[in-house]
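Summary of the model geometry
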Amino acid sequence: MKMQMMENKKRILSAIQPSGLPTLGNYLGALKNWAGMAREFDCFFAVADLHAITVRQDPALLKKQTLQMYALLLAIGLDPQRDTLFIQSHVPEHSQLAWILNCYAQFGEMSRMTQFKDKSSVYTDNINVGLFAYPALMAADILLYQADFVPVGADQKQHLEITRDIAARFNGIYGDVFKVPEPYIGKQGARIMSLQDPSRKMSKSDENLKSFISILDKPDSIMKKFKSAVTDSQAQVKYSPGKDGINNLMNIYSCCRGKDYEEIEKEFEGRGYGDFKVAVAQAVIEELQPVSERFERLIDDKAYLEQCARQGAQKAQMTASRTLEQVMKKVGFYKI
Ligand code: TRP
């Protein structure tokens, strides 16, 4: 009975790199939605450690951050029994299919990827082939599971487009091997901006520590950061074009409380920015507190996390190996 229900559900796949603790922006823009989607879809979520090494990593730190990110998947409310939660490098099919897909991705189209162009202008001393081939690995992540939908933010849209192109091209040659995935556009395409410069996206690599909230920030630090958030000189809580600071705070409040802008404007009618900032901070604290409490408990239970990751990888591999086998057969690899 349970199996049958699972099969009727559409499948979602997404992944997140283990590059340090996510920000409130990552949480509201992606992770919170993952937890929300998990009831409706058959979900596969991975910690993308293979992608992480396209820029140089400290081995001990990568290892630590991989387990942290895995723990965080559980802490945000994903369920290792219901959902398939795994670490990308534990399922070797990802690397195997990525190689094959490299041979069906064109140099020209890969050269047009804006993320490659951006990253190769930042990491000028390490423009490695993996950085270039990154979208083929991402295509492998998605296509191995025959995912129906991929929730992606604006920065990964182009990679999903190329995934679709590669899948369609492969299918064109060999018949229907891959499901061509659709982007999943969430209800709120939350794009959370820096608290200090609201024209820029909130980022954990920002030098100004007051500009971002980390998902594990303590309540008093969250409160301080919101109190010092940059807003314009008008003091009315009203969403209006060009008022990036207040718009950003309203967006955050809206994501946490599930209220639309009109409701928020009404709630804070006649009250100033000071009051509103405190209210936003409180909403964020309430949102993040259960996550950080669960995280703190989980991160000390390494045995449990490893057991979940092992089971997750096994579950993922059941699907991945089936797809890879089909691909290898179609390509004409000799099987014994
Ligand atoms: N490249 C994505 C990012 O950095 C992470 C990722 C890896 C991913 N594989 C994926 C996202 C497959 C969606 C689907 O955000």
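Everything below is about the structure shown above.
Notes on the structure in this doc start here. What you see is a predicted model, and the numbers here were worked out from it, not measured in a lab.

1. What to know about the packing of helix 11 (residues 244-257) against helix 13 (residues 273-299)
Contact pair helix 11 / helix 13: the axes reach a minimum separation of 9 Å and the direction vectors enclose 40°. On the basis of the axis angle, helix 11 is oblique to helix 13. Both helix 11 and helix 13 take part in a crossing whose hand is left-handed. Across from Ile246, Leu249, Met250, Ile252, Tyr253, Cys256 and Arg257 in helix 11, the residues of helix 13 making contact are Tyr273, Phe276, Lys277, Ala279, Val280, Gln282, Ala283, Val284, Glu286 and Glu287. A per-class count over the contact of helix 11 with helix 13 returns twelve nonpolar, one polar and four charged.

2. Overview of the site of the ligand
Around the ligand sit Leu13, Ser14, Ala15, Gln17, Ala48, His51, Tyr134, Met138, Asp141, Ile142, Val150 and Gln156, and that is every residue in its neighbourhood. At a separation of 2.6 Å, a nitrogen atom of the ligand approaches a polar side-chain atom of tyrosine 134. Aspartate 141 places a polar side-chain atom, nitrogen or oxygen, 2.6 Å from a nitrogen atom of the ligand. Burial of the ligand by the surrounding chains reaches 89%, relative to a free accessible area of 370 Å². Examining the composition of the shell around the ligand, we find that four residues originate from one element, helix 8 (residues 129-143), more than from any other. In terms of residue class, the shell around the ligand is made up of seven nonpolar, four polar and one charged.

3. Topic: the packing of aromatic side chains
Scanning the entire structure with this criterion turns up 16 aromatic pairs. Here the aromatic rings of phenylalanine 41 and phenylalanine 149 are separated by 5.9 Å at their centres, their planes lie at 75°, and the arrangement is edge-to-face. Of this pair, phenylalanine 41 sits in the loop between helix 2 (24-37) and strand 2 (42-47) while phenylalanine 149 is found in strand 4 (residues 149-151), placing the two residues 108 residues apart along the sequence. Relative accessible area serves as the criterion here: at 8%, phenylalanine 41 is assigned to the buried category. Since its relative accessible area comes to 21%, phenylalanine 149 is described here as partly exposed.

Procedures and definitions
- Residues numbered from 1 in each chain as written.
- Predicted model: local features only at pLDDT ≥ 70, side-chain atom pairs only at ≥ 80, totals over all residues.
- Heavy atoms only, no water.
- Axes fitted to C-alpha atoms, helices over the stretch in contact; angles between N-to-C directions.
- Helix = DSSP H or I, 4+ residues; strand = E, 2+ residues; numbered from the N terminus.
- Parallel < 35°, antiparallel > 145°, perpendicular 65-115°, else oblique.
- Left-handed = near helix turned anticlockwise from the far one by under 90°.
- Contact = heavy atoms within 4.5 Å.
- Nonpolar A, V, L, I, M, F, W, Y, C, P; charged D, E, K, R; others polar.
- Near = heavy atom within 4 Å.
- Polar contact = N/O pair within 3.5 Å; in protein donor to acceptor, adjacent residues only side chain to side chain.
- Areas by Shrake-Rupley, 256 points an atom, 1.4 Å probe, with all protein chains shown as cover.
- Phe/Tyr/Trp six-rings, centres within 6.5 Å; stacked < 30°, edge-to-face > 60°.
- Buried < 20%, exposed > 50% of the residue type's maximum accessible area, 1.4 Å probe, protein only.

Read these as layout, nothing more, since geometry by itself doesn't imply function.
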